[in-house]
Every structure is written in structure tokens, then in C-alpha cells.
There are 2 protein chains.
Amino acid sequence: MRASQLYAPTLREVPAEAEVVSHQLMLRAGLIRKATGGIYTYLPLAWRVLKKIKQIVREEMDAKGGQELAMPIMQPAEMWQETGRWDVYGEEMFRLKDRHDRNFCLGPTHEEMITTLVRMDVRSYRQLPLLLYQIQNKYRDEIRPRFGLMRGREFIMKDLYSFDRDEAGLDISYRKMYDAYTNVFSRCGLKFRAVEADSGAIGGSGSHEFMVIAESGEAAIAYCAACEYAANVEKAELKAITVPAETPLPLTVKDTPGTKSIKEVSSYLGVSPEKTIKTLAFQTEKELVLALVRGDHEVNEIKLLNQLGCLHLDIAPEQAIVSQLHTVPGFIGPVGATGVKIVADHTVMQMVNGVCGANKPDQHYIQVNPDRDFQPDIIADIRLIQEGDPCPHCGAAVKTARGIEAGQVFKLFTKYSKSLEATFLDENGKEQLMLMGCYGIGVSRTMAAAIEQNHDDDGIIWPAAIAPFHAVIVPISGKDSEQMDLAERLYGELNQAGIETVIDDRSERPGVKFKDADLIGYPLKITVSPKTVSEGLLEVKIRRSGETVFLQLNAGVIAKVKELLVSL
Amino acid sequence: MRASQLYAPTLREVPAEAEVVSHQLMLRAGLIRKATGGIYTYLPLAWRVLKKIKQIVREEMDAKGGQELAMPIMQPAEMWQETGRWDVYGEEMFRLKDRHDRNFCLGPTHEEMITTLVRMDVRSYRQLPLLLYQIQNKYRDEIRPRFGLMRGREFIMKDLYSFDRDEAGLDISYRKMYDAYTNVFSRCGLKFRAVEADSGAIGGSGSHEFMVIAESGEAAIAYCAACEYAANVEKAELKAITVPAETPLPLTVKDTPGTKSIKEVSSYLGVSPEKTIKTLAFQTEKELVLALVRGDHEVNEIKLLNQLGCLHLDIAPEQAIVSQLHTVPGFIGPVGATGVKIVADHTVMQMVNGVCGANKPDQHYIQVNPDRDFQPDIIADIRLIQEGDPCPHCGAAVKTARGIEAGQVFKLFTKYSKSLEATFLDENGKEQLMLMGCYGIGVSRTMAAAIEQNHDDDGIIWPAAIAPFHAVIVPISGKDSEQMDLAERLYGELNQAGIETVIDDRSERPGVKFKDADLIGYPLKITVSPKTVSEGLLEVKIRRSGETVFLQLNAGVIAKVKELLVSL
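What comes next is a walk through the structure. What you are looking at is a predicted structure, and each value in this text was computed from that prediction instead of being measured. Counting restarts for each chain: residues are numbered from 1 in the order of the written sequence. Working convention: letters from A go to chains and numbers from 1 go to ligands, in the order in which they are written. Given that this is a predicted model, residues contribute local features only at a pLDDT of at least 70 and side-chain atom pairs are listed and counted only at 80 or more, while totals for whole chains, interfaces and linings are drawn from all residues. With hydrogens and water excluded, all non-hydrogen atoms of the structure serve as input to the side-chain values.

Once that is clear, we can look at the packing of aromatic side chains. Note on aromatic pairs: the rings of Phe, Tyr and Trp (six-membered ring only in Trp) are paired at centre separations within 6.5 Å, and the planes decide the class, stacked below 30 degrees, edge-to-face beyond 60, tilted for the rest. Using the criterion set out here, one finds 18 aromatic pairs over all chains in the structure. For the ring pair B:Tyr181 and B:Phe210, a centre distance of 5.3 Å and an interplane angle of 55° mean the geometry is tilted. With a gap of 29 residues between them, B:Tyr181 in helix H6 (residues 167-187) and B:Phe210 in strand S10 (residues 207-213) connect regions that are remote in the sequence. The class for B:Tyr181 is buried, based on a relative accessible area of 0%. Using a 1.4 Å probe on the protein chains alone, a residue whose accessible area is under 20% of its type maximum counts as buried, one over 50% counts as exposed, and one in between counts as partly exposed. For B:Phe210, a relative accessible area of 0% corresponds to the buried category. Feature note: the residues A:Tyr178, A:Tyr181, A:Phe185, A:Phe192 and A:Phe210 constitute an aromatic cluster, connected by ring pairs. Above the face of the A:Phe469 ring, A:Arg48 is positioned so that its terminal group lies 3.8 Å from the ring centre. A ring is considered to have a charge above it if a Lys NZ or an Arg CZ atom is located within 6 Å of its centre and within 35 degrees of its normal. Over the ring of A:Trp86 we find A:Arg95, and its NZ or CZ is 4.6 Å from the ring centre. In this text, helices come from DSSP runs of H or I with a minimum length of four residues, and strands from runs of E with a minimum of two, each type numbered from the N-terminal end.

Shown next, in the form of C-alpha cells:
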């Protein structure tokens, strides 16, 4: 492709609207343009990247026996009403009516559609297992679409659905997809981790997220350097931390004026935060709850929500704390608390002679001994894992990192086959529910994540496998016919050899061309200079390492460029 | 692919809902399933066909310098309001609101979007020409979606938009696309014709339709066997037909009781229909109109509408004929008619001593001579071309056929660049409007059209280039290990050689497998029988011709199969 013809309008300025680096660079490098909030046009460079990611996804899905199809984006309401999700989805679902006033949505996902489809045609165990997938636009009316392609309202997903005869089959399908996802992200050239995940609102249990590691990631993950363990911090399991033996002393009230935070009270009393009990009041749709964790720990709201079996969880308003608990924020504690459910983390129950709020302004209890001084209604793992916590598998200290969720695999079991009556006849002619799984990859998000992970101040650093082009040839002088002839010859030969190459034939200064090359992020930048003409040396700069290689301009030069590319 | 795993649920019965053969066969062969009226899932076989058509389209667009991108399906209303089409589109446009109550539509086409996009980034003549395209779902809320994929509400289109500096550039882009379309439909293996078309409601002028020839086609086309001329009958131009000289005789009234039709009056009077003037009364939004064509001709309402410059045209209600023209249907005529606009076809004006209604019940004029006896307000080409009419280019007799519109190319000129202010600076630094063209291919419709054109009573007959698979291997007995070993070996070798092959390894009777093979329409059916094992002869049946070829089962057999495939 000739740069003079390539529709890749680059921008010099950082667009004010773009908060994250992938969004900034995609706008600046001429990859995307905004149509309206959360809705973008993919320009030719971005579309090339997306086609490469899609092709990798396709090959890996097909290798596991996946079959590609395409379901409608516009879905009739009826099937969503059958599963009850028409109401559950709320404002996140784009809805519309046709001219006959019938209700439709723009598919945020396709469990209803695929289950309805498969139940029509699959009758016998002989037709199972089935792995069916599609790659298409999905729709979600985010309250605050932001971060460019990271959280859009129209975005590209690969979604695969598995149908099996039994749980053993589901396990096999799930493992296949887990392996396929590992291959997809590896082949895309990304650093990632598969982490144990909470299965969230979509239902079912048993799930992994595939996290592309990036500092800007919205999700926090914990992983073990000693073993394979990795999990979303929302999910990471924790055992109780035991403490050195100590003799329980009697419960005592202390004046602790103005010490509302753990930091303040531990400093005032001269004890370490590990000796304090952090008490947080939450309001659910059912009741008021006190959650207890050790002072140096944080409450994991997802775990707490799961323990309580509730739908919503919010920090309790001050008014509720005052009127129902007869206490004040900053001095809440479990001792003597009534009319409230108490949930304590395992580690809290191990504490001896701790400190907690006394439910009176400016007072704390010291020498608090759980079980003796208060009895929680629930004792469970409700805290967030943190750097240095013991790995739940091997006990070594875990590390934490941030990641971008680019894929997720889910066991759905019979959640949808039950509500939509997707059954088959087994070997004995008995009707059985199909066991399902669903497996998503955010294709457009993966492109954004690749940039979040791979960039520098000058622009994007594409992994070679998903780069829009592999190389750019920059002739220093477009008016020098020797340079141009050489550049044109190389351009032809490189493309011929399958190295997707752009020739920058624009009438711009070399500096502008170099800047654009770095911004767009071609893995290799090939400069044709006076030196190339006079000394027969081709300058090839590797975008990622910044290293410059000089290649002899002879019959083997194309093969050498290919070697460089493969080595990236 | 193994038939036992392929998700292609075939049906024995012809589904009652399907009116046309492509719809019936796509349901029966397991290519599509209906989600709701006009909205379908493409199952794996159909998706393979569509991917092949898309790939051919891509290659041909790219060969002409087209660049692929992807614009949003969900489009904000504002740009449609700028061009005024938000109101014009009416109920055919699917509309929705987001959670902030802002208006969107599901794109029926993308002129507004692409023009808005290009005006953002293109400033100089040096950035032109541009050919930008995408392949994606389009949406149209048809009153009566029907005929399966022929007239759906969600369908797949390729739409390309050209941007040029001037009309000469537009001519070049238009010609490139005309050639690309010719290549696309040729490579898809379809019989088609490019015909001159009316440019319709989308606006602009200068347009060709690409018609896939099929008896079931909705459109009628006229073409010349002697020269290249072909046109949609709506558009086909006609000159006046001259008649032998004759002496004008005086206008005379005749009683013609009960002769309301041309057939009745010409038979009653003993004259041929060519001697009669057919007078039809139409009502437009502005006025009442009499349209005159020769008795053996038909009025072309599109031409009439264009001549009148009106928006709507309907046959006038009987009441209007009686109250305003003071006559009765069946006996209307132009002689003495007042308070009505008269439009006469050129050929009517050539007639001598003709016959027309006398505006009184059961009476006609004979010896009518146009111009002497009545003066039309407009004389123009307002009739439909018919078989045998002279070709407007060479004069030879034209033929007519029916076709399915699968593609259309359009010159838009400045229609959208003007309303959306898409300008550039020319060589002299002067601001100019971009010249645009738009070019569509109905991708899913092309698949349906291929089936309408290529099928028999047993099923689909795919052109090899777009067949979901090239061949199917049917082992007569799945229990015969020699047959199965041989079949498996061939299956591996054929796929290895790039011949996309299905092995029918299902535990079904051979008859069922043969029927499915014909229904799905694999170009080649390879039977592995006892004869193959004992005599070393492979039976290959060609789906299109029905011909059976026996190939020696030796090292060259794969090459022979490939030759057969290429010859199709």
C-alpha cells in the first residue's frame, strides 16, 4: 500500500476527549474516529488489525471443532422474556420496536438466541457436542461509555456456545476453549494471564478471565510466582491468617478522641493495624450488615454479596447508622451491636486482644476477643487478596498486577437449557437438558488492550502478528530517482514475499514520515537513504527494541528482513 | 469436515412459509433458520458461502484501490437530519433511543456517515480520489418481509463510496466499480447482466443495476442480442415507431356497446390493437392526468412519474373520472377532454386514423388523428419496452428476461457533499465540493439469487466458486472397513490438496446421504462403493450436469478431481 493513498489520517495533537493511551493513539494514528459516545468507525488500519485478530480467533476456534455461523443482531423480545432477562437487563439493553410495534433488542449477548436455535434442530445425543460461534457487533448502552474501544456501546465480540450431553462433556468443551483462548492471546503476541473469575450476573459457575497485563487495566489480579495460580482479586480465595498465641485480656473501653480511621486509632493507641478490627456498615436490599475484616485488610464486596445472597450492596448511609445502630461512623463495632447481621472474615476470628469501635463517639474497645465478645452471624472469606498474601494453592507470597479483561470462559450448566427447554434424547431415549458453556473474546477490546500493553511516547508498538502492516519503507528523498527506484523495487519484493509493506511516497519531510511510522507502529522501519544507494546498506529499525540493523543490499536481503520479522 | 459433526440440519418437508425456491432450499438444506420475519440466522453452510462471496468482493474492491473499513451500524440521528433523510425515510427506517433519550437509527445505508467521516479528515485534492467500503449488516423495516433472504429486514451488504475531485474522476471511479462488479458476479459463477437503471429515490443520476438472471426475479429487463444494450424495463428508452403513410379521414363517432377493453373494441371494430389509443387516467398529488399509449403498449409509470415531476402516481379512482372528466372508465379518450393534463407517448403521435374512447358510455371515436383532434400537454417516452421492440442502440429486436437485482452502482455527484459540506481545496487553493458515487452489492441476496438461478428438483447446484464445500465423499457402507479406510484416506488427501471435502460418516442409509448431498448441492459427489474397493474405480458425480465419471484410483486421482472441479 502506498502511504499517499492509504486512508490513515494522523493527528499531531493529543485529542482532549481521550483519557487513556490506547484511545489517544488510535485517534492520533488514524485508526478510529468517533461517531458518537462509545460508537466508532474503524478506519482501514484498525480494520486490518481487527481482521488479523479475527482470523487468529477463527483458526483457534475451528481447531477445536468450533463451527462459525452468524445470528441476528436484532433479536425479538420473546426469547428474552422466556428467560426473564428482558426485565433484568434494564437500561443497559438497547431496545426498539418495529413498524408493527413488536419489541426487539440489539443483542448484548446471544444465549437466548443460540439456545432457541439449537433446541429447534437438535434432538439426539448423537448430534452433541456442538461448539458454535460467531464474530459480530454487540451492543450495550453503558451509562458512561469511555476509554475509547475499552468500554464502547457498539463493539466486536467473538462468542462461542458449547452444548454437551453431560458435565464430563462440558468439562472437555470448557478445557478446549481454555486452551484455544491461551493460543489466541499467545498468537496475538500479548502478555496475559488466565485467572479464576467470579461468574457474575450472567449466571452459572466455573469461569476464567483472560487478562491482558497492562498498568492501565481496570481489573486487579493476584498471581503466584511460585505456582500457576492466578485469580481476579474479586475471586481470589483466602484462608485465615493465624497469629501468635496470646492470653485473652478483659474487654475494656478506651477514649480515643477523633480517631475515625484505622490509621488514626492504631497510631493513637500505639498498636499496629493488624491488631484492629475494621467494621464497615453496608445496606442491602434486605437488611443492614456489618462486615468485619482485619484493619490492614479490605472488604471484597463481591465475596460479601455472594455470602449474603443479595442483589445489591452499598455503603450504609450515615442516617441508617445513626438511627438503626445508634452509633456514628468511625466508631462502629460488633460488640453489643443488635438488629444488624454481622459477617466476619476468617482472619478476624483468629485475632486476640484486638481493637474495635465501641459504638459511641470517640471511644474504642481494646482487648476485644471475637467469639467471646461478639458472635458473627456468618464467618467466611470476605476480604480482598493483596500483595504478599499467601497463595491459596502453594502458600508462597502472591503478587498483584493490573489487567484488561479481553476474554472470559464460563460454564453455564443448564441455566439456559432449563428456562428455554433445550433437551435431547440420550442413549436410553430419555429426555435430558443440554449442558452449556459460553466463551467470549472482546475483539475490538483486544486491539485496544494490545496498545495499552505495547506503546511508548512515540506511538504504538504492534506485536508483529496483529500489526496492520509489517514494515514501512521511508525513502529520505522522494525526488532522488535512485532512492525511489530502490525503494519501489524493495516495496514490490517485500510484498511479493508476504511481508505486508507500506511505501511512504508522500511529499513530506523525512521527519514527518519517521514520526508517522513510529506513531502507527510498523514493526520494521526501512530507510532508503543516500547511504543505501552509495554503500549498498539498508537501514532497518526495529520499533520495539529501537535497535537499528544494517543489511547488505543483495539477493538475500528479503530473506533477512523476513528473519527479523519472525524474530519479533 | 465430518458430516456427523457438521451443523447442517436438513429437513425432508418443504416448509409451508417459504414461497420461493431459494428460501425453501436454504431452510431444507440447513443453511438458514428464521428468528422472526425477515431476520435469519446463517448456519455454518450458509456462512461458508457468504464468506466466499465476501472474499471475492474484497479482492475485487481492493484490486481497484478500495480500502475496507467498518462504520457503525447504530447511527446518530443528527447527520440524517442534516440531509433531511431522517424524515424522508419514514417507517422503513428502524429507529431507537439510547438511555439519554437521544435518537439513533440502524443504518439502511451509509452516505451520511461516510460523508461526515471524510469531511473531518480530507482537506486537500492530494487526498483524493478515495474509494472506501465496508461489508456489514444493513437494516430496513420492510412492510412485508418475504422470499427469505431476497427481501429481509436485516441483510448483508457491501457498500463502497467514492470521493473525487471532479466529474472526470467520478467517471473513472464509476467505471472501476462497474468493472469490479462485472468481475465479482463472473467469479461467483453467475449469469448476470448490467442494465441501465433508474436512479430512484437515493438520488443523483447515472446508474447501472447488476441483475442475476432468474425466472423468479422481481425485476424485468430488456436486452439486445445484437449489441451490448441492456436496461431495466423501468428505464429502457424507446423512440417513436413510425407507421405506413395513410390519408387522414374525418373524426367519426361509433357505437361500441360493452367494449371496455382494447381487446373488445378492436375485435368489435375489426381493427388491430396497434390502431387503438389506450387512455389511462392517473391521479398525482397535484392533478389528474391522462396517459396515452398505443393499444398494444403499456404505460411505464416510472417514466410517467419522472415526466410529471411528481412524487406519487396512482390509477385515478372511478369517482374522479366520473365527476371531473364527466366520462366513464373504459370509454375515456383525449378528444374533447378538458381540465386534465394529457401526456402522450411518442408513438401515439405517429398514429393515423386511430381509435379512442369518446368519453360517453358505449361510444368510441374512429379516424382519430393526434394533433388534429387533440393536443397533448406533454409528448414523451412513457411506455414500457417489450419483447420485439427495437433496441435503442442498434435497432435489432430486444429480448426480455427476469432478474434479481444483486448490485447497483450510482453516481451521486454532489448530492451529499453539498448538504453535508464535504469540501476540499483544489490545486488553486479554492474550496470545491467532492464528487461522490455509491456502489452496493447485496451479499446475502447474491447467495439467494445464486440458488434461484442454480437448482433443480433435488436441491441446490452451487457454482464451485461459492459452494460451501467442493465435494462430499459418500461411503456406501460405514461398516465396511476397507471402504471406510479408503474414504478416510481420500478425505485427508483431498482436503490437503485444497479441495474442501466433507466425508459423510453418519450412520444413515446411502439413500439418505445421496439425497442430502444433492440437497446441499456439493459440486462433486464421490461415492466409495464395493466397486471402488474391488476394481479401483472411483465414482464421481457432477452435480450440475448429472454426469458420472469413473476415475482410476491411483496416485493421480486427486489431481483428476481437481481438474473436474476447475472445469465446472
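After that view of the structure, there is still more to cover.
Chain B puts 57 residues into the contact, and the matching count from chain A is 57 residues. Of the roughly 4700 Å² buried where chain B meets chain A, counting both sides, 58% is carbon and sulfur surface. Among the residues of chain B in contact with chain A, B:Tyr7, B:Gln67 and B:Arg99 are the three that bury the most area, contributing 16% of the side total. When a carboxyl oxygen of Asp or Glu lies within 4 Å of a side-chain nitrogen of Lys or Arg, that pair is called a salt bridge. Counting the contacts that link chain B with chain A gives eight salt bridges. Contacts between residues were defined by any pair of non-hydrogen atoms, one from each residue, lying within 4.5 Å. In short, buried area is how much 1.4 Å probe accessible area vanishes from two parts on joining, totalled over both.

Expressed as a screw transformation, the operator carrying chain B onto chain A has a rotation angle of 180° and an axial translation of 0.2 Å, and the superposed copies differ by an RMSD of 0.2 Å. Expressed as an axis order, the relation between the two copies is that of a two-fold axis. The rotation axis passes nearest to the C-alpha of B:Leu96 in chain B, at a distance of 2.6 Å. To superpose the copies, least squares is applied to the C-alpha atoms of every residue with a pLDDT of at least 70 in both.

As a further point, take the pattern of salt bridges. All names here are of chain A. One pass over the structure, following the stated rule, counts 76 salt bridges over all chains. Here Arg-383 and Asp-389 are joined by a salt bridge, their closest N and O atoms 2.9 Å apart. Its relative accessible area of 0% is what places Arg-383 among the buried residues. According to the relative accessible area criterion, Asp-389 is buried, its value standing at 6%. Sharing partners across several salt bridges, the network here consists of Arg-12, Asp-504, Arg-506 and Asp-516.

This paragraph deals with the packing of helix H1 (residues 21-28) of chain A against helix H12 (residues 443-453) of chain A. Residue and element names in this part refer to chain A. Where H1 contacts H12, the two axes come as close as 8 Å, and the packing angle between them is 100°. Comparing their axes, H12 and H1 come out roughly perpendicular. Every residue of H12 that contacts H1 at Val-21, Ser-22, Leu-25 and Met-26 is listed here: Met-447, Ala-448, Ile-451 and Glu-452. Across the contact of H1 with H12, the residue classes break down as six nonpolar, one polar and one charged. Comment: axis = line fitted to C-alpha atoms, over the contacting stretch for helices; angle = value between 0 and 180 degrees taken between N-to-C directions. Note on terminology: angles under 35 degrees are roughly parallel, angles over 145 are roughly antiparallel, angles of 65 to 115 are roughly perpendicular, and the others are oblique. Three categories are distinguished: nonpolar for Ala, Val, Leu, Ile, Met, Phe, Trp, Tyr, Cys and Pro, charged for Asp, Glu, Lys and Arg, and polar for the others, with Gly belonging to the last.

Another aspect to go through is the pairing of strand S24 (residues 435-442) of chain B. All names here are of chain B. With respect to burial, S24 is a largely interior element, eight of its eight residues being buried. Of the two faces of S24, the one lined by Leu-435, Gly-437, Tyr-439 and Ile-441 and the one lined by Met-436, Cys-438, Gly-440 and Gly-442 are each fully buried. The pairing criterion is simple: DSSP has to find at least two bridges between the two strands. As judged from the eight bridges shared by strand S8 (residues 154-164) and S24, these two strands associate in the antiparallel manner. Counted as the bridge partner of Asp-164 is Leu-435 from S24. Where strand S21 (residues 398-413) meets S24, six bridges bridge the pair, whose relative direction is antiparallel. When the bridges of S24 are listed, Val-409 appears paired with Tyr-439.

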